[in-house]
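Examination of the molecular architecture
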There are 2 protein chains.
Amino acid sequence: MFPLVQHLNLSRSLLFHRSSSLCGNLFAQNVCLNFCCFSKMKVANPLSEVGHFAPTTRLLCGPGPSNAHPRVHAAMALPQLGHMDPEFLAICEDVKKLLRYTWQTEEAFTIPVSGTGSAAWEAAVANLTEPGDVHLVFVNGYFGERHTDMAGRYGAVVKQVRKPYGETFSLQEIEEAISANKPDLIWLCMAETSTGAYQDITGVGKICRQHNCLFLLDTVTSIAALPCNLDENLVDAAYAGGQKCLSCPPGIAPLMLNERALEKLAKREQKDIKVPNWYLDMTMIKRYITAHGGARVYHHTAPISMMYALRESLSILAEETLEGSYKRHKEVSEFFWEKLEEVGLEMLIDDKEKRLPSLHSVKVPEGINAAEVLKNARVNFDVEIGAGLGELAGKIFRVGLMGHNCRKDVALTVISVLLDGLKKQGYVVPAKKA
Amino acid sequence: MFPLVQHLNLSRSLLFHRSSSLCGNLFAQNVCLNFCCFSKMKVANPLSEVGHFAPTTRLLCGPGPSNAHPRVHAAMALPQLGHMDPEFLAICEDVKKLLRYTWQTEEAFTIPVSGTGSAAWEAAVANLTEPGDVHLVFVNGYFGERHTDMAGRYGAVVKQVRKPYGETFSLQEIEEAISANKPDLIWLCMAETSTGAYQDITGVGKICRQHNCLFLLDTVTSIAALPCNLDENLVDAAYAGGQKCLSCPPGIAPLMLNERALEKLAKREQKDIKVPNWYLDMTMIKRYITAHGGARVYHHTAPISMMYALRESLSILAEETLEGSYKRHKEVSEFFWEKLEEVGLEMLIDDKEKRLPSLHSVKVPEGINAAEVLKNARVNFDVEIGAGLGELAGKIFRVGLMGHNCRKDVALTVISVLLDGLKKQGYVVPAKKA
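Below is a short write-up of the structure. Because the structure is predicted, anything quoted here is derived from the model rather than measured. Here the residue numbering is sequential within each chain, running from 1 through the sequence in written order. Lettering for chains starts from A, numbering for ligands starts from 1, and both go in the order in which the items are written. Totals for whole chains, interfaces and linings use all residues, but because this is a predicted model, local features are given only for residues with pLDDT of at least 70 and pairs of side-chain atoms are given and counted only at 80 or more. Based on all heavy atoms of the structure, the side-chain values leave hydrogens and waters out of the count.

**Digging into the packing of aromatic side chains**
Classification of ring pairs rests on two measures: the distance between centres of Phe, Tyr or Trp rings, Trp counted by its six-membered ring, which must be within 6.5 Å, and the angle between planes, read as stacked under 30 degrees, edge-to-face over 60 and tilted in between. One pass over the structure, following the stated rule, counts 14 aromatic pairs over all chains. Consider the rings of A:Phe53 and B:Tyr308, whose centres lie 5.0 Å apart with planes at 80 degrees: the pair is edge-to-face. You can see A:Phe53 sitting in the loop between helix 3 (47-50) and strand 1 (59-61) and its partner B:Tyr308 sitting in helix 12 (residues 304-320), one on each of two chains. For the pair formed by A:Phe53 and B:Tyr308, the shared burial category is buried. Put simply, the rings of A:Trp121, A:Tyr142, A:Phe143, A:Trp187, A:Tyr239 and B:Tyr298 pair up and form one aromatic cluster. Think of it this way: any DSSP run of H or I at least four residues long counts as a helix, any run of E at least two long counts as a strand, and we number them from the N terminus. Each residue's exposure class comes from its accessible area (1.4 Å probe, protein chains only) as a fraction of the maximum for that residue type: buried when under 20%, exposed when over 50%, partly exposed otherwise.

**Considerations on the interface of chain B and chain A**
Counting residues at the interface gives 119 residues for chain B, matched by 120 residues for chain A. Once two parts are brought into contact, the accessible area they lose, counted with a 1.4 Å probe and summed over both, makes up the buried area. Buried area between chain B and chain A, both sides added, is near 10,100 Å², and the carbon and sulfur share of it is 59%. Considering only the side of chain B, the residues that lose the most area to chain A are B:Phe53, B:Arg153 and B:Trp278, jointly responsible for 8% of the buried surface there. Salt bridges are defined as contacts in which a side-chain nitrogen from Lys or Arg sits within 4 Å of a carboxyl oxygen from Asp or Glu. Linking chain B with chain A are twelve salt bridges, by the criterion used here. The partner of B:Asp281 in a salt bridge is A:Arg153, and the shortest N-O contact between them spans 2.7 Å. Identification of polar contacts relies on pairs of N or O atoms within 3.5 Å, with a donor-acceptor requirement for protein atoms, meaning one able to donate a hydrogen and the other able to accept it, and with residues adjacent in sequence counted only if both atoms are side-chain atoms. The interface formed by chain B and chain A holds 44 residue pairs in polar contact (both at pLDDT 80 or more) in total. Element by element, the count of residues in the side of chain B that touches chain A is highest for helix 12 of chain B, at eleven residues. Whether two residues touch is decided by their heavy atoms; if any such pair falls within 4.5 Å, the residues are in contact.

**A few points about unusual backbone geometry**
Residue and element names in this part refer to chain A. Between Gly64 and Pro65 the backbone carries a cis peptide bond, its omega angle lying at 5 degrees. When you line up the elements, Pro65 lands in the loop between strand 1 and helix 4 (70-76). We note that Asn212 has phi near 55 degrees; this positive angle belongs to a residue other than glycine. Residue placement: Asn212 occurs in the loop between helix 9 (204-210) and strand 8 (214-218). Since its relative accessible area comes to 63%, Asn212 is described here as exposed. Phi at Asn229 is positive, roughly 40 degrees, even though this residue is not glycine. Inspection of the secondary structure puts Asn229 in the loop between strand 8 and strand 9 (237-239). Judged by relative accessible area, Asn229 falls into the buried class, the value being 16%.

**Details of the relation of the copies chain B and chain A**
What relates the pair of chain copies is a rotation about an axis plus a shift along that axis. Our superposition of the copies is a least-squares fit, built on the C-alpha atoms of residues whose pLDDT is at least 70 in both. Between the two copies, chain B and chain A, the superposition gives an RMSD of 0.0 Å; the rotation angle is 180 degrees and the shift along the axis is 0.0 Å. Taken together, the rotation and translation relating the two chain copies correspond to the operation of a two-fold axis. In terms of C-alpha distance to the rotation axis, chain B has B:Gly115 as its closest residue, with the C-alpha 2.6 Å off the axis. Taken as a fraction of all interface residues of chain B, those also at the interface in chain A reach 100%, which identifies the copy contact as same-surface.

**Observations concerning the sheet that holds strand 12 (residues 383-387) of chain B**
Residue and element names in this part refer to chain B. Think of it this way: DSSP has to see at least two bridges between two strands before they count as a pair. Read from one edge of the open sheet, four strands run 1-12-13-11, paired in mixed fashion. One side of each edge strand has no neighbouring strand; the edge strands of this open sheet are strand 1 (59-61) and strand 11 (359-363). Along the sheet, successive strands turn relative to each other by an average axial angle of 30 degrees, direction set aside. Across five bridges, strand 11 lies against strand 13 (residues 396-400) in antiparallel orientation. Along strand 13, the bridge assignment pairs Lys363 with Ile396. Its contacts with the sheet place helix 13 (residues 322-342) against strand 11 and strand 13, and it is angled at close to 10 degrees to strand 11. Every axis in this analysis is a line fitted to C-alpha atoms, fitted for helices over the stretch in contact. Angles between the N-to-C directions lie between 0 and 180 degrees.

See the structure below:
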C-alpha cells in the first residue's frame, strides 16, 4: 500500500504547487523532495497513516456541541482580518452589541472570550476571586462540582449546598444558605446540562445585593433558549458557550461582568495584585476589547474565524428575535415530550415547569443497556445522543434539541433512532391507553 | 432607513424559517414577532445597527494571523462531530501524529490546546512552575517580557538576561547565564516575532541537562519555517501558534511536554498540589487527549472546527513535506530581501544568517511616518503589514511571508504596496549602483 499512497501524495502535492505561485524550479525540486523525504526526517511523515481528512456528517443531539448553522460554517470559510484591524475591532463591537441583546444586559463589559465555555467560566472565577473569598456553590449536577474545583484553585473557601442530581433550589433555600454562609460570591446554574433541570433565578439577585455578595450565573445551556435577562435579574457575572443554543461551534464564549463585578476587579488592581491567570486577565483584555477612547492594546491574538462564527450565529438569532427563539425551543420541546410519552418513554424530571427546553433527560427503561442504544444511534444512523454523567450514568439519555437543531423533524428523528435501539433490546411500545 | 432594514430582516427570516422544518403555524407567528419585537425587549434588537456580516478580504502580511489556506477554511465549513465521538478522538490522534512530525519529536504528549498560542504558552508555564522556581528568561524582544509577566503570576522567581531588541544570544552567553543563575527552567524564543531575529538553539538543550533545568522553547513563528527538531535539540517543552507558518486561523495551539517535563508535573501530582489553572490543567487534560488504554474522560468541550482546521493545515504541510516548506520559506525570503535591496530598503538585522525566513523587519527610511504607510497599504490595497512593537515602534515595518502567504507573488505585492506609501511621502528609489 505504501508506494500507492506515496504516488497519491505526489499527485496531491503537484496540484497544490501548481495552484500556488511558486516558480517552476522550486516546483521541480519539491517533486524530488516528495520522493525522498520519508527517509530524511527522524520522525517519518505520517501522511500515509493518517490519510485524507473526511469526517462523517452527524446529527448532534447530545448535550453539545450541537450542529452549527450552515451560515455559521460559511462565515468561518471567509478570509480572516487581522486582530488589530479597525474592521475586525468593529466586528468585535458588533458581537458585544449582539451579546448584550441576547442576554438582555446593558453592561459594557459583555465580551467574547478566546476559548470554550469553560474558559469564560474560569475568566469569571480568576478575575473575581481573591484568596480567602467564600464561594457558595449550589450543586445539583456535575457542573457544581466543576465550580468547586475551579474556585478552589484560586484560593476560594468553597461551601456547597447539595441536592440530588435533577432537583433544583427554592428561593427560600437559596436565601437561607446565603444568610448562613455569608459568601462573597454565589454560583448558580440556570440550566444544568448534566440533568436537564431548569433553575428559576427570580429574586436571587436581590438577595445577593442584600447580603453584599456577587451573583455568578452559568447560562451555558440557557442562553437563547430561556430568558436570562441578566440586568433584570441583577446578575453580576455570567458566562455561556456558543455550541448549544447559539448554533456556533465551540471555541469562543460569552462573558459578562457588570459594574459590581468590575469594581471588585478594580479594587484588586488598586492593591496591585495581578490576576493569577495571564490569558484570562480581564484587566489587560479590557484594554484590547473595549475602546474607552484610547488606543487598543494588543494582548493575545483573538480567534478570528471563531469571532466570525459567533458574529453570524448572533445575527441569525437577532433575525429570528429572542422571542422567536424562546418560542421555538418551547414548542419543539413540548412536541418532543408528547411524542416521547406516546412511545412510553419518561422524562427524568416530572414537573414540566422544571424541565429545560433545550436539553432533555430521558429515563433509560428498565433492563436496557443505555450505551448500546447510543452506539446504535451513532453507528447505524450517524446521530449523536448523550449519555448520563456522574450519578446519572446509564440511567438517562441526554437529548439536546438546541439552536439550529431545535426543530420538530429532529425531535422525531431522535425518537425513531432511540426506539430502534431500544427495540433491538426487546423494548415494546406500550399499547395506547383508552 | 429603519423600516427598510426591518423589511430586509423579515425577508431573511422568511428564508431561514422556510428552509427549516418548523410548522406553518409557528412560522406565521414568527412573522408577527419580527414586526413587534423591537419594543418588547428592554435591550433593543441591534440588527439594524450592526447590519449584514460582510468582512473585507485582506492579504495578511503582518506578524500574524496570516491568511489561512483555502482548504483549511473549507475544513472549518464541514459539519462537526461531538468531542467524545470516537471518530473525533481519532482525528485528535491524527493531529498529534502530524504535530510530532512537524516538530520532529517522538514525545507522546504533543497535543493541541483549546486556545490561541498564548494559551499553549500559559499551559506550559502553569504546569511546569512551582512557587519559588527560578525562571531564566532571555529577553531580546517583546515576548520575553510576556514570559516574565506570565511566569511571575505562577510564583516563579524570574531572572532576565537582556539584549537590545533584534540581537540574539550566543551559546556561551546562554551557558554563562545558566551557570550564574541556576534556574529551574529557561525560556528562549527561536523566532522573535517582534524583531525578526532568529535564535540558534544548537547546544542549549545539552547545557540545560547538565545544569538540571528544563528548556522551554517558543516556536510560534518558527514552526514549519525552520527546523525545530525538538528531540534532537533536547527541548523539554514547546508551544506554537497555528496562525503563522501553519496557515491555520488562531484558536488552537500546539504544545509539547516531554518526559522530563511530565516528570516535574507528576512530582507535583504526588504532592497533591493542583495546577492553579483549571482550563489548562494537563493532569486532567491528559485523561481526555491521551488514551493510555483507559477510557477518555471529559474535561472541556474541544474546539471542534478549529481541530478540523489544524488537521487540514498539518496535512497540507505533510503533503508539501517539512523540507519543502523550509525550502520555500528560505527561497521566498531571499527573493524578498533581494527585491527590497533593489528599491533601497534595508533590513533591521544585517546578518542574513540571523534573519527569520518567515517574519521580516524592514527599516522605516529616514523621515517617513510608518503608520501612514501601513494605513495606505490597508485602506488603498487591502494589504495588512505590521508595525514595530515596543522600542521598535515607528522604526520598522514587520512583514510576514508565512505559510500559505510565503510566495513570490506576495513578496512582490508587499514591496509594491510599501513603495506606493513611501513615495507618497517623498521617498525616492535610489539609482542603481554601477
